[in-house]
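# Understanding the architecture of this molecule
These are the residues of each chain, in order.
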Amino acid sequence: MIYEREQGSSWAEISQYLGTGPAEAEERFAANLDGWNTAFDVPYRLDDTGRKRIPQLPTAAYDPALACDYLDRWAYLQRLGTDQHQAVSSGLIMAAPEDESSSVTP
């Protein structure tokens, strides 16, 4: 749902796939969308003790290179026995310099 809203889908469009009305879809997911938007301004929150930081965004947002490495390794394992060995993350991180140590080689 967050992806669809970020891409510009209306609540009416999203509700069609959920089998609900637009108002019900918005009510059901408004807190998730608010949390997503807030997490960019406040990427961590403190736990109940006030000592430990809890991430608010998906893990890949904090270490995209590591997430790409995991994705490449997963894809490589899925393609064993085929002749396709191109990294699936090539192009996902545009601004980061290419790091030869994190690329998967067949």
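Up top is the structure these notes are about.
Scope of this entry: the structure provided in the associated data block. The shown structure was predicted, so the numbers you read here are calculated from the model rather than taken from an experiment.

## With respect to the overall build of the chain
Helices and strands together make up the secondary structure of the chain, namely 5 helices and 2 strands. Secondary structure of the chain in N-to-C order comes out as α-α-α-β-β-α-α. Counting contacts in the chain only where the partners sit at least 6 residues apart, residues at least 24 apart contribute 26% of the total. Counting every atom, the chain has about 8,300 Å² of accessible surface; 52% of that belongs to carbon and sulfur.

## Looking at the side chain of Ser 9
Positionally, Ser 9 belongs in the loop between helix H1 (2-6) and helix H2 (11-18). In this structure the side chain of Ser 9 is engaged in a polar contact, spanning 2.7 Å, whose partner is the side chain of Glu 4. Not counting residues up to four positions away in its chain, the partners in contact with Ser 9 are Glu 4 and Ile 14.

## Quick look at the pattern of salt bridges
Two side chains that carry opposite charge are able to pair once their charged atoms sit near each other. For the coordinates displayed, the defined rule picks out 1 salt bridge. Its salt-bridge partner being Arg 73, residue Asp 69 comes within 3.0 Å of it at the nearest N-O pair. On the criterion of helical spacing, the pair formed by Asp 69 and Arg 73 is a turn pair, its members being 4 residues apart in helix H5 (residues 64-78).

What counts, and at which threshold
Residues numbered from 1 in each chain as written. Predicted model: local features only at pLDDT ≥ 70, side-chain atom pairs only at ≥ 80, totals over all residues. Heavy atoms only, no water. Helix = DSSP H or I, 4+ residues; strand = E, 2+ residues; numbered from the N terminus. Contact = heavy atoms within 4.5 Å. Areas by Shrake-Rupley, 256 points an atom, 1.4 Å probe, with all protein chains shown as cover. Polar contact = N/O pair within 3.5 Å; in protein donor to acceptor, adjacent residues only side chain to side chain. Salt bridge = Lys/Arg side-chain N within 4 Å of Asp/Glu carboxyl O.

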